[in-house]
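# A look at the structure
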Amino acid sequence: MSDKPLSDAVRQGWEVVGFTVTDSGGDAWKHIFLLRRQGQHKVLTVRKKMMGEGVVASEMEV
C-alpha cells in the first residue's frame, strides 16, 4: 500500500462516509475512515509508522 492509502481508495471509486481520529497513546494517532462503494463498506485505519517515514494502513470489510 502507498503512503496515501485514502487517496488510493478514492481513486478506486470508494466514497468517504465517516471519519474519526483516536489517540492510541503518546503521539500515535489513528485516523479511521468508513468507506462505501456500490453497496459495499469497509473500514480503513491509517497511522504513522512508529519508526521511519510513511504510514501503516489496514482495511477491514464490514
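Being a predicted model, the structure only gives us computed values, none of them experimental. (Residues numbered from 1 in each chain as written. Predicted model: local features only at pLDDT ≥ 70, side-chain atom pairs only at ≥ 80, totals over all residues. Heavy atoms only, no water.)

## Focus: the pattern of salt bridges
For the structure shown, the criterion picks out three salt bridges. In this structure, R36 engages E15 in a salt bridge whose closest nitrogen and oxygen atoms are separated by 3.1 Å. Of the two residues, R36 sits in strand β2 (residues 29-37) while E15 sits in strand β1 (residues 15-23), which places them 21 residues apart along the sequence. Classification of E15 by relative accessible area gives partly exposed; the value is 40%. As a salt-bridge pair, E59 and K42 come within 3.2 Å of each other at their nearest N and O atoms. Pair noted here: E59 is in strand β4 (residues 55-61) and K42 is in strand β3 (residues 40-48), with a separation of 17 residues, a long-range link. Take K42: its relative accessible area is 5%, and that puts it in the buried class. (Salt bridge = Lys/Arg side-chain N within 4 Å of Asp/Glu carboxyl O. Helix = DSSP H or I, 4+ residues; strand = E, 2+ residues; numbered from the N terminus. Buried < 20%, exposed > 50% of the residue type's maximum accessible area, 1.4 Å probe, protein only.)

## Considerations on the packing of aromatic side chains
Inspection of the entire model under this criterion finds one aromatic pair. A centroid spacing of 4.8 Å and a plane angle of 40° characterise the contact between F19 and F33, whose relative ring orientation is tilted. Here F33 lies in strand β2 and F19 lies in strand β1, a separation of 14 residues in the sequence. (Phe/Tyr/Trp six-rings, centres within 6.5 Å; stacked < 30°, edge-to-face > 60°.)

## With respect to unusual backbone geometry
Non-glycine residue Q38 carries a positive phi angle of around 50°. With respect to the helices, strands and loops of the structure, Q38 is situated in the loop between β2 and β3. Here Q38 falls in the exposed class, since its relative accessible area comes to 78%.

Limitation: the analysis is restricted to geometry and does not speak to function.
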